[in-house]
Every structure is written in C-alpha cells, then in structure tokens.
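Topology and contacts: notes
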Amino acid sequence: MQKISGNALTVLDTLNKAGFEAYLVGGGVRDLLLGQEPKDFDISTSASPDQIRELFRNCRLIGRRFRLAHILFGREVIEVATFRAHHEQGEGGETEEESGRILRDNVFGTVEDDAIRRDFTINALYYNAQDRTVIDYCGAMQDMQSKTLRMIGESAVRCAEDPVRALRAARFSAKLGFQVDQATREAMAEKGRLLREIPPARLFEEVLKLFHSGHACASFDRLREFDLLQYLFPAADRALKAGDDKFETFVSRALANTDERILSGKPVTPAFLYAVMLWPKTRELAMQYVAEEPPVPAVLMAADEALAEQLQYTSLPKRFSIPTREIWAMQPRLECYIGKRALRLLSGPRFRAGYDFLCLRAGVSPELKERADWWTDIQQTHPHEVVRPEKKRTRTRKPRRTRNNQENTGA
Ligand code: ATP
Ligand code: MG
C-alpha cells in the first residue's frame, strides 16, 4: 500500500482526526492489492457533503443524482463520497422503474450499507489508513485469490438495477484477466437487453473506458463472448455474426493498434474507433449509393445513415463525428488521387488518420496495398507537404490548436 497517493492519505487523516470514519475504496484498493497502478483514489466517509466541505478549503461539491465532494490538489482530484445505502435500508430516496432499474439513489447509510450497494465484490474493499487494514464485507479477498469477478447480492436484481454493470463486468474481466462467475454471467445474459434503455451519452462514456484504457482487444473479446457488442456497436455486431472474416481481422488489428498507442503514450481518438466500428455499414451503403452518386457524396450519404443508427445506441460528440466522416470521405480520394490533388490531400489536417485507415483496409484487401504503399512513398518524397495545418491559417488568423487537431492521429 506504499503507492497510495499522499493527497488521499491527507484527506483520510483530516477526516479521521475530525472524528469521522473514512476509507479508501473501490478501484484504488483493488488495483493496489493486485499490484496495478490505480487510475484514481476514491474515499468513502461517514461525513456528510456539508461536513466534508467545512473541512477542506480546496473542496467542490458536485453531482445532482448524488452529491460528491471533489478535493482538488493541483491536477489531482480526490473524490470523497458519503456512505450510501440501498433503498430498503434507507429512507426511500430511490425511485425505480418497472424493470427494476434505479433512477435515483441518495440515501446515506453505514459503511456496510455502502459496501453492499457496490457492483462487484473486488470493488467493495475498504482500506483503513489508521491501522492499515483492509476491510472485506463481501468475500472479496477470496475472489481476488481465485481471480473471480462476482456481483454482490442477487446478480439478476443488481444487473436490472443498473444494466451498465454488465458492461463493467466485461471491462473488469478484460482488464484484470478475471473469470466471471456463473451467476453473474447468467444475469448478464438475461438482463443485457436492458442496456437499450440506457442513455446514449452514458454508453459513450463506457465505450471510452472499454476501448481507450489499454485493454481494447480483451474488452472487445469479452463483449462478444457475453453478446453485449450489439448494444454498443450494432453494425459491427451484425457484420461479425454474419461471418465477415475480413472485418474481424480489420477490427482486431485496429484495436491492437489502439492498445499499443496507449501503452506508448500516444493519443487516440473516438473518431477513429467509430470509423472502424461503423465501417461495414458505411461501406455497404456507399457501395449502393455509388451507382447514382459520385464516390465522395456516396460515402457521405452512407456516413450520415450509419451515424444516425449509431447515435441511437451510443452518442458521439460532433467534434468526433466530423473527423469520422472525413476519414471515410478520404477513402475514395486516397484510392484514386495522383499529382497535385494528391499533394493537396497530403497537406490536409486529417490526412494521417485517413491514411492510417487506408493502411488498415489494405491489410485485409490486397487490392488496396499498392495504393497504401504509394501514399507511404509520397510522404517520404514530399515530407514538407505532410500535415501542417497552421501554415495556411497564419495568413488569415492566429494559429490555433483545436482539440480536434491534437486528437486527430489515428487509433
Ligand atoms: P476504474 O476506475 O479502474 O475503471 P473503478 O472500480 O474505480 O475502476 P469507477 O467507475 O471509478 O470504477 O467506480 C468507483 C467505485 O464505485 C467502483 O469500484 C464501485 O465500487 C462503485 N461503482 C461504480 N459504478 C458502479 C455501478 N454502476 N454500480 C455499483 N457500484 C458502482
Ligand atoms: Mg475509479
């Protein structure tokens, strides 16, 4: 436990000295015990949000559904939450839908209440910094040893309360290499369809956690194994179920690239991920439209249709969907441009992502290999043409690095 953030220890100490119970909890404890680097440190306490605010000057209260305190230390944020209870023990602050999905929960409770409302046993370990012990209310230590991901309580009920837990199960089993216990698996199979009721914006957040945390390949395999891909990327799911082997290789390579990029600290963007996942549908539609339209408008029509379907499942902010369309629209150009037009394409801001996409396609479609090699060569013979978006802009206005510019390089 030497790797605990000093700031988290300071927060625990301040809460304890003020007479409150306070523990490090969740992914931070889990990852430390497994010898992994925690992403963040969360604290759970008996202090109410107002009491927390009184103790810390650098504190912000956030959240409507449940009020949390963020204690800010420069770039590090320590999240502090008051012990929460499940509705049966509480004062009835939760509302449920017919399906059993919980829409609101804001009832305070004891540390035990707080433990059993968490999702998986291994996420419900509490570290007490005063005596340096780990408290285990749910049998998590045994599950850690046998590498088992087990939902706390009645799996079917817990999965219905919040179907996103099914996606979290896929993600944690991928990230940690844990097997999912039988009852949890059955609940995921039975309740997975409730994911259709989850707001697309929340599913977009889950997509990022699944595919941009360095475990994209393993997450993708788990999603397929548990038949959950259909709720995130229906077009990709259909293509795979129809036996599209080329797409299977294409997507596996793209995700392996994503994992490598993250491992080596390179940027990744959802624009490229979505371009990959939606490609079977966009390509198929574009092939139909090209009978009546020129290639680029045909791809753009296909793009709009594919994105419209996708947005009913997971959202994709405009700052990503615009580059996604551009990656696709560049494909027919990359397939045929030569001479001056080719050089102009080369100096466009989105060239790199479009070219990476072409290379991926060439990996499964040998007829594109020659074109991909041609673009590889021309970048070497014309290095000055490659991606210098500021060059043109400086004439009219000050160069500005937009978010998209920085995120532009492919997955
Ligand atoms: P990581 O941050 O590595 O993805 P984590 O376990 O910290 O994993 P978070 O989403 O940060 O996951 O959530 C922190 C903790 O809050 C979890 O460990 C779990 O105890 C609890 N939790 C989060 N989401 C849910 C949920 N949907 N249902 C029940 N408990 C949850
Ligand atoms: Mg976390």
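Calculation criteria
- Residues numbered from 1 in each chain as written.
- Chains lettered and ligands numbered in written order.
- Predicted model: local features only at pLDDT ≥ 70, side-chain atom pairs only at ≥ 80, totals over all residues.
- Heavy atoms only, no water.
- Axes fitted to C-alpha atoms, helices over the stretch in contact; angles between N-to-C directions.
- Helix = DSSP H or I, 4+ residues; strand = E, 2+ residues; numbered from the N terminus.
- Left-handed = near helix turned anticlockwise from the far one by under 90°.
- Contact = heavy atoms within 4.5 Å.
- Nonpolar A, V, L, I, M, F, W, Y, C, P; charged D, E, K, R; others polar.
- Phe/Tyr/Trp six-rings, centres within 6.5 Å; stacked < 30°, edge-to-face > 60°.
- Buried < 20%, exposed > 50% of the residue type's maximum accessible area, 1.4 Å probe, protein only.
- Lys NZ or Arg CZ within 6 Å of the ring centre and 35° of its normal.
- Parallel < 35°, antiparallel > 145°, perpendicular 65-115°, else oblique.
- Pairing = 2+ DSSP bridges.
- pLDDT = per-residue confidence, 0-100.
- Patch = residues over 30% accessible without salt bridge, like charges linked within 9 Å, V, L, I, M, F, W, Y side chains within 5 Å.
- Areas by Shrake-Rupley, 256 points an atom, 1.4 Å probe, with all protein chains shown as cover.
- Salt bridge = Lys/Arg side-chain N within 4 Å of Asp/Glu carboxyl O.
- Near = heavy atom within 4 Å.
- Polar contact = N/O pair within 3.5 Å; in protein donor to acceptor, adjacent residues only side chain to side chain.

Overview of the packing of helix α15 (residues 295–311) against helix α16 (residues 318–336)
- Following both chains from N to C, one finds α15 and α16 inclined at 145 degrees, their axes separated by 9 Å at the closest point. Relative to α16, α15 is oriented so that their crossing is right-handed. Every residue of α16 that contacts α15 at Pro295, Val296, Val299, Leu300, Ala303, Asp304 and Leu307 is listed here: Ser321, Arg325, Trp328, Ala329, Pro332 and Arg333.
- Residues that form the contact of α15 with α16 fall into these classes: nine nonpolar, one polar and three charged.

What to know about the packing of aromatic side chains
- Summed over the entire model, instances satisfying the criterion amount to 16 aromatic pairs.
- Measuring from centroid to centroid gives 6.2 Å for phenylalanine 247 and phenylalanine 250, while their planes differ by 35 degrees, and the two rings are tilted. Of this pair, phenylalanine 247 and phenylalanine 250 both sit in helix α12 (residues 245–263), separated by three residues, roughly a single helical turn. This pair shows no difference in class: phenylalanine 247 is buried, exactly as phenylalanine 250 is.
- Among the aromatic residues, ring-to-ring pairing joins Phe204, Phe211, Phe220, Phe233, Tyr274 and Phe320 into one connected group.
- For arginine 171, the ring lying beneath its charged end belongs to phenylalanine 172, and the centroid distance is 4.7 Å.
- Above the plane of the ring of tyrosine 313 lies arginine 196, whose end atom (NZ or CZ) is 3.8 Å from the centre.

Concerning the packing of helix α9 (residues 200–211) against helix α13 (residues 270–277)
- At a minimum axis separation of 12 Å, α9 and α13 run at an interaxial angle of 90 degrees. Comparing the axis directions of α9 and α13 gives the class roughly perpendicular. For the pair α9 and α13, the contacting residues are Phe204, Val207, Leu208 and Phe211 in the first and Pro270, Leu273, Tyr274 and Met277 in the second.
- Here the residues of the contact of α9 with α13 are counted per class, giving eight nonpolar, no polar and no charged.

Observations concerning the sheet that holds strand β1 (residues 22–25)
- Within the open sheet, the seven strands sit side by side as β3-β4-β5-β2-β1-β8-β9. Their pairing is mixed. Both outer strands of the open sheet, β3 (59–62) and β9 (133–136), are each paired with one neighbouring strand and no more. Averaged over all pairs of adjacent strands, the angle between strand axes in this sheet comes to 35 degrees, irrespective of strand direction.
- When β1 meets strand β8 (residues 125–128), the two strands line up antiparallel, connected through two bridges. Bridging across to β8, leucine 24 finds its partner in tyrosine 127.

As for the confidence of the model for the protein
- A residue-level look at the protein finds 90% of positions with pLDDT of 70 or above and a mean pLDDT of 90.
- Low pLDDT, under 50, characterises residues 88–94; the predicted model gives this stretch 16 contacts beyond four residues in sequence or across chains.

Observations concerning a nonpolar patch on the surface
- Among the surface-exposed residues, Met1, Leu33 and Met141 lie close enough to one another that they form a single nonpolar patch of about 220 Å² accessible area.
- Checked against the element boundaries, methionine 141 lands in helix α5 (residues 140–145).
- By relative accessible area, methionine 141 is classed as partly exposed at 35%.

Section: the site of ligand 1
- By nearness alone, 18 residues border ligand 1, and Arg30, Asp162, Arg165, Arg168 and Arg171 come closest of all.
- Aspartate 162 places a side-chain nitrogen or oxygen 2.8 Å from a nitrogen atom of ligand 1.
- At 2.8 Å, a side-chain N or O of arginine 165 approaches a nitrogen atom of ligand 1.
- Relative to its free-state accessible area of 580 Å², ligand 1 is covered by the protein chains to the extent of 85%.
- Secondary-structure elements contributing two or more residues to the shell around ligand 1 are α2 (27–33), α7 (164–176) and α9.
- The element contributing the most residues to the shell around ligand 1 is α7, with five residues.
- Counted by class, the shell around ligand 1 contains one nonpolar, three polar and 14 charged residues.

Considerations on the pairing of β1
- Neither face of β1 is left uncovered, since the one carrying Ala22 and Leu24 and the one carrying Tyr23 and Val25 both have all their residues buried.
- Here β1 pairs with strand β2 (residues 42–45) via four bridges, running antiparallel. Bridge pairing in β2 places tyrosine 23 opposite serine 44.

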